[in-house]
Amino acid sequence: MGVGSSKDDNEKLQGNADFKGPGANRGCTDCFCSILLIACWMAMTFVGLCVTGFIENDMLKEGNPARLTNGMDYLGNICGVTDYNITATGENTKDLSKAFYLPNGAPVCVNSCPTAEEEYTGYYCKYDKQSQVNSQTTSAARSAVAGAYMATMECAPYVESVDAWGYCVPQAAIDALASAAANAINQEIVADCLTSDTTEYSVTGSESEYVSSSDVGMFWKDQSTPTNCTAQRKGLVVTAEYMNPTSEDGFFDQANADMYTARWVILGAGTGVAMTLGFVYLYILRIPGVLALVCWGLITLIELCLLGVAYFSYDTSETWKTDGQHTDSEASMMLYVAYGFAGLGGLWFCIICCLRKRIVLAIGIVKEACKAVARMPIITVYPVFQVLGAVIFLVPWCIYMLYLASSGDVAVDCICTSSFSSSYADALSGGSDAESSCESSGCFLYKSFTYSDDMKYTGLYMLFSWFWTSQFVIAAGQLVVAMSVSTWYFTRDKKTVNSGTFIKSAKKAMWYHLGTAAFGSLIIAIIKTIRAVIAYLQNQAKKSKNKALQMALCAIQCYMWCIEKCMKFLNKNAYIQTAIFGYSFCKAARKAFFLILRNILRISAVAIVSSFVLIIGKLFIMIATTLLAYMFIEQNMDGDVNYIWIPTILVCFISYFTAEMFNEVFGMAISTILQCFVADEEMFEVAERFAEGDLASMIGKTNAAAKKGAVIHPEADAAENATKAADDGPELE
């Protein structure tokens, strides 16, 4: 490797003259974990083949996702799934895939949902009643028999219905809901326009500032407070048809049309424009003084906010003492709030004073990260491939989980409203005739699933496989970014670095270090699985109303959450060590841990600065992209879309996720540059260091301080005792 060996992982890094950067003398690491991950995927595939029916297994029964979505009749048969012969009608529920609800709430399985043409041409009844209706030879006789059963709500005529996931929802019910929604909206709209004055005022003079020129000559509520009531005066209010999701010219149909019309603008702006603005943001940060102004300005603003809250709380406390409307305890409480915020302001000031020189260094590190990402623009697209990799795994995983979830035993339960039954036991008091009892009690049947212990453990394993794979995809991405950025840093002529460097680094990371990514992601997956089990126990404790157990589990959950966050942070830094030096995961984690201790203040400063930069960057990309998209649609597509805000909001959402991906890469680049700088500083003499730009000037100041007799490495004692590592390197004057 060209890196001198050390007796202790806590010793400072040592370098030799033959060190050629991250790309040299590299070997495969943690291969066993790669094998374990492949074995995990193979076991998951075996489970999937069992629950989908390709492999017979006594412990894992074949599932059918239709059992989850299809409706259930009043006898507990799942429509289109259960093989049940209806003796009265001679049909089988397996051939009847839709559920139609009778007026008494009892669903029956039917072949299809009635259309508008079939309305009132026939009847759906409970199965035993259906046979009696069907046995009649004339339509009049069928209507008479069905009418008698309609009085007891055991039959219903064909009514136009919409097929909603296997349930026949009456169109009249949808219309009623749409009408109610429209009425609610209209009440708000019309409330401000109810006036007996129907004069058509021409708004001029001082009132014209409230309206656009195109609105002059319309109906107004009055002259003093111009309110455009033209639509309401003409009866142009929101209609039920407009709010109906099944209407061909309603709001939902128009919204879909707008999304289709502006689809290329939505995708282009949300991805391409947002990514371009990300690089514009990096360029702006590289302008001398901009990043320093932003960081120190935000630091000052936080201090002023804390002190401002303290001042106004103190002023409020003094006012409350004498106003006669507040008690002394309330005034004292506000005084304590003032003291608290004043203390936070003082603490923030002390922290910034301690970190002031490290913040200057952090600003330089962020600038170098900007340069690295700008030299390899393709690096920002890499998260797209991570998403594709996760989707490739997620598609079969979701299919297997659907089959597994549907392979349980169906249990028929009953849910009741308080006006009919106080408990499930009351509704199911009918013994063997539970369905009839539930129905007569005014309750409704629903299906639930029970699972054996083997199936529960299988489900937990499937969840673990998802955790491991998703974290593996993230870890692999972090390794690729770390190797690319570290290669850029340890290259003398940085003009030779381009997107091709990223591709080469990605190949090396994938070939040599996927095992390390699998190792680190395995630890996170185990922690997440433990947290999932704790969440399940929390839910059970909540059902049992055991407060003490709930509190204990909540504390354990919080503890595991902290462990997960710490491990993710350590893993990220371990991947950087692997990228630079080619270490296996365990050694890289140890090296990263002690490096963090030796440079704790630097890392804190970088965390503060990078947080500011990433948050502002995310807001800049999202807001600027949304504004540009809005202006483009308004200027070029105003007559082609019904609601300009729909494509604008979609652009906002997509640009947010694009900014998230951009920030993920940028944040990893910042962390990598920090470790590269520390390695450069510890391994090489001044003349041999790779630092350039602002970082080189930082080292120059360090050298000047050294000539004056300043302490160059106040953390040197950390090599002997990590717990005493309270500082982070050269004092930068």
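Heads up: these notes are all about the structure in this document. The structure displayed is predicted, hence computed values, not measured ones.

**Focus: the overall build of the protein chain**
- Helix and strand counts for the protein chain come out as 22 helices and 10 strands.
- The buried share of the protein chain, reckoned over its 733 residues, is 44%.
- For the protein chain, the proportion of contacts with a sequence separation of at least 24, taken over those separated by at least 6, is 71%.
- A total accessible area of about 37000 Å² is found for the protein chain, and carbon and sulfur atoms account for 62% of it.

**Re the pairing of strand β3 (residues 98-101)**
- Taken together, the four bridges between β3 and strand β4 (residues 107-110) define a ladder with antiparallel strand orientation. Bridge pairing in β4 places Y101 opposite P107.
- Taking the residues that link successive antiparallel strands as the turn, the β3-β4 hairpin has five residues, and the phi of G105 there is positive, at about 90°.
- Note: β3 against strand β8 (residues 167-170), two bridges, orientation parallel. The partner of F100 across the bridge, within β8, is C168.

**Considering the state of the cysteines**
- This model, assessed by the stated rule, comprises three disulfides.
- The disulfide bridge from C125 ends at C155, spanning 1.9 Å between sulfur atoms. The sign of the S-S torsion, about 115°, decides the handedness of the disulfide formed by C125 and C155: right-handed. On the criterion of sequence distance, the pair formed by C125 in strand β5 (residues 123-125) and C155 in strand β6 (residues 155-157) is long-range, its members being 30 residues apart.
- A relative accessible area of 2% places C125 in the buried class.
- Here C31 is not disulfide-linked; the sulfur of C28 is the nearest cysteine sulfur, at 4.7 Å.

**Section: the packing of aromatic side chains**
- Scanning all chains against the criterion turns up 21 aromatic pairs.
- Look at Y461 and F464: their rings are 6.4 Å apart centre to centre, the planes differ by 40°, and that puts the pair in the tilted class. Here Y461 and its partner F464 are both found in helix α15 (residues 453-489), three residues apart, which amounts to about one turn of the helix.
- Residue classification places Y461 among the partly exposed residues on the basis of a relative accessible area of 25%.

**Details of the sheet that holds strand β7 (residues 161-164)**
- Taken together, four strands build an open sheet; the order of strands is β4-β3-β8-β7 and the sheet is mixed. Edge strands, defined here as strands with exactly one partner in the open sheet, are β4 and β7. Averaged over all pairs of adjacent strands, the angle between strand axes in this sheet comes to 40°, irrespective of strand direction.

**Details of the pattern of salt bridges**
- A complete count under the given rule lists 12 salt bridges for this structure.
- Across the salt bridge formed by D128 and K129, the nearest N and O atoms sit 2.9 Å from each other.
- Under the relative-accessibility criterion, K129 is labelled buried at 14%.
- Measuring nitrogen to oxygen at the nearest pair gives 3.3 Å for the salt bridge that ties E682 to R598. Separated by 84 residues along the polypeptide, E682 in helix α21 (residues 645-683) and R598 in helix α19 (residues 585-598) bring together distant segments of the chain.

**Looking at helix α1 (residues 31-51)**
- In this model α1 runs 31 Å from its N-terminal to its C-terminal C-alpha over 21 residues, within 8% of the 30 Å that 1.5 Å per residue would give.
- Buried within α1 we find C33, L37, C40, M44, V47, G48, C50 and V51. The buried residues of α1 occupy one face: seen down the axis, they fall within an arc of 160°. α1 presents F32, I35 and M42 as exposed residues on the side facing more than 90 degrees away from its buried surface.
- On the buried face of α1, the contacting elements are α12 (382-405), α15 and α17 (514-544).
- Looking one or two places after α1, you find G53, whose phi comes out positive at around 95°.

**Remarks on unusual backbone geometry**
- Even without glycine at this site, D30 takes up a positive phi of about 55°.
- As for its position among the elements, D30 is in the segment before α1.
- Even without being a glycine, W165 presents a positive backbone phi close to 55°.
- Structurally, W165 can be placed in the loop between β7 and β8.
- By relative accessible area, W165 is classed as exposed at 72%.

**Concerning a nonpolar patch on the surface**
- On the surface, I378, V381, V384, F385, L388 and I503 cluster together into a nonpolar patch covering about 480 Å² of accessible area.
- With three residues, α12 is the largest single contributor of residues to the nonpolar patch.
- On the secondary structure map, L388 appears in helix α12.

**Quick look at the packing of helix α11 (residues 328-375) against α21**
- Where α11 meets α21, the closest approach of the two axes is 8 Å, and the angle between their N-to-C directions is 120°. Of the two elements, α11 crosses α21, and the hand of that crossing is right-handed. Residues L361, I365, V366, E368, A369, C370 and V373 of α11 touch α21, and the partners they reach there are F666, A669, I670, I673, L674 and F677.
- Here the residues of the contact of α11 with α21 are counted per class, giving 12 nonpolar, no polar and one charged.

Procedures and definitions
Residues numbered from 1 in each chain as written. Predicted model: local features only at pLDDT ≥ 70, side-chain atom pairs only at ≥ 80, totals over all residues. Heavy atoms only, no water. Helix = DSSP H or I, 4+ residues; strand = E, 2+ residues; numbered from the N terminus. Buried < 20%, exposed > 50% of the residue type's maximum accessible area, 1.4 Å probe, protein only. Contact = heavy atoms within 4.5 Å. Areas by Shrake-Rupley, 256 points an atom, 1.4 Å probe, with all protein chains shown as cover. Pairing = 2+ DSSP bridges. Disulfide = S-S within 2.5 Å. Phe/Tyr/Trp six-rings, centres within 6.5 Å; stacked < 30°, edge-to-face > 60°. Axes fitted to C-alpha atoms, helices over the stretch in contact; angles between N-to-C directions. Salt bridge = Lys/Arg side-chain N within 4 Å of Asp/Glu carboxyl O. Expected span 1.5 Å × (residues − 1). Arc of directions from axis to C-beta. Patch = residues over 30% accessible without salt bridge, like charges linked within 9 Å, V, L, I, M, F, W, Y side chains within 5 Å. Left-handed = near helix turned anticlockwise from the far one by under 90°. Nonpolar A, V, L, I, M, F, W, Y, C, P; charged D, E, K, R; others polar.

Honestly, that's just the spatial picture; any functional story needs more than this.
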